Amino acid sequence: MSRRTTQDPHVDQERGGEIHPAFGVAVVTRRHGTGRSLFQSDLLHNETISLTVHEATRRRDLNHDWVSPGRDLVEIEMSLAQWGSLVSSVGLGSGVPVTIRRSEHDRSVPEIPYQPRTAESLREVREVTERMYARVKAATTILHEAIHEKKGVKATKGALSALENAVAHAGSSAQFTVDSLVEAGEQVVAQARADIEASVLETVRLTGTAPSVEASPVDALALTAPTTSRERPAGA
């Protein structure tokens, strides 16, 4: 790792204080508005958390340091669930998805279209289902021809074995796709619960009153299947 250089702060008359490339101010705000689409969230959010990092100026007056924000360097926006994950997972995992709203090089980052990722999961389920059906149908056709065209015991047994394999493969592929869809549903439920709970806590903080309702445990998608290995089957 390269050795870092050291640079003293210097006074900027235009800003009226000391500046340095490393001086910064972080501002966290809570936003309210119409439903906003955020990166890696399947919900539209009326309440979000915004984190903005500014350049900073330090001014000494009345025996006290006064730090004021300057030009903003980056602004990110998060759902309440993402914010909760960020502050509670320090040093864990590979990071929390956030939505970049503004950067030093792009003062107005384009909005993200609302495209829930659960739609991608459903598309994958349809594709796997279509492939499974095609394999079983093809194997059934071969068995039908072997029987009706009297191709012999060996050909019939081979066709039957191919059909059995196709059916077995369909079962494992269906299990994997169902598990994947359940996982996607659980993530959406977790996002919604986190946002609702955060909103309730904020209401309690502002009003000083206890919530009049309490959320009961919510199960994910009502899809149940026998427990199997989560390994992806070949060709799924």
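Residues numbered from 1 in each chain as written. Predicted model: local features only at pLDDT ≥ 70, side-chain atom pairs only at ≥ 80, totals over all residues. Heavy atoms only, no water.

**Section: the confidence of the model for the protein**
On average, the protein scores 78 in pLDDT, and the residues at 70 or more come to 81%. Predicted confidence for residues 211-236 stays below pLDDT 50, and this span has 36 contacts to residues more than four positions away or in other chains. (pLDDT = per-residue confidence, 0-100. Contact = heavy atoms within 4.5 Å.)

**Comments concerning helix α2 (residues 118-148)**
Note: α-helices contain 3.6 residues per turn, so residues at a spacing of three or four share the same orientation. With 31 residues, α2 should cover 45 Å at 1.5 Å per step; its first-to-last C-alpha distance of 45 Å lies within 8% of that length. Among the residues making up α2, those that are buried are Ser121, Val128, Met132, Ala139, Leu143 and Ala146. With its phi angle positive at about 50°, lysine 150 sits one or two positions after the end of α2. (Helix = DSSP H or I, 4+ residues; strand = E, 2+ residues; numbered from the N terminus. Expected span 1.5 Å × (residues − 1). Buried < 20%, exposed > 50% of the residue type's maximum accessible area, 1.4 Å probe, protein only.)

**Some points on the side chain of histidine 54**
Summarising the element assignment, histidine 54 is placed in strand β4 (residues 44-61). Here the side chain of histidine 54 touches glycine 70 through a polar contact of 3.1 Å, landing on its backbone oxygen. The residues contacting histidine 54, other than those within four sequence positions of it, are Phe23, Gly24, Val25, Val27, Pro69, Gly70, Arg71, Asp72 and Leu73. (Polar contact = N/O pair within 3.5 Å; in protein donor to acceptor, adjacent residues only side chain to side chain.)

**A word on unusual backbone geometry**
In this structure, leucine 62 takes a positive phi of about 55° despite not being glycine. Looking at the secondary structure, you find leucine 62 in the loop between β4 and β5 (64-79).

**Side note on the environment of glutamate 77**
Its location among the elements puts glutamate 77 in strand β5. Along the chain, glutamate 77 and arginine 101 lie 24 residues apart, while their C-alpha atoms are 6.7 Å from each other. Setting aside its immediate chain neighbours within four residues, glutamate 77 contacts Arg31, Arg36, Leu38, Thr48, Ile49, Ser50, Gln82, Val98, Thr99 and Arg101. Side chain to side chain, glutamate 77 and arginine 36 meet in a polar contact 2.9 Å long. Looking at glutamate 77, its side chain comes within polar contact range of the side chain of arginine 101, at 2.5 Å.

**Some details on the pairing of β4**
Judged from the 11 bridges that link them, strand β3 (residues 24-37) and β4 form a sheet pairing that is antiparallel. If you follow arginine 30 over to β4, its bridge partner there is isoleucine 49. Linkage of β3 to β4, two consecutive antiparallel strands, is achieved through a turn of 6 residues, within which glutamine 40 is found at a positive phi near 60°. Where β4 and β5 come together, 13 bridges link them in antiparallel fashion. From the neighbouring strand, threonine 57 faces β5, where its bridge partner is serine 68. (Pairing = 2+ DSSP bridges.)

**What about the environment of glycine 84?**
The topology assignment puts glycine 84 in helix α1 (residues 80-88). Among the residues examined, glycine 84 registers a relative accessible area of 29% and is labelled partly exposed. Note: C-alpha distance between glycine 84 and valine 96 (12 residues apart in sequence) is 9.8 Å.

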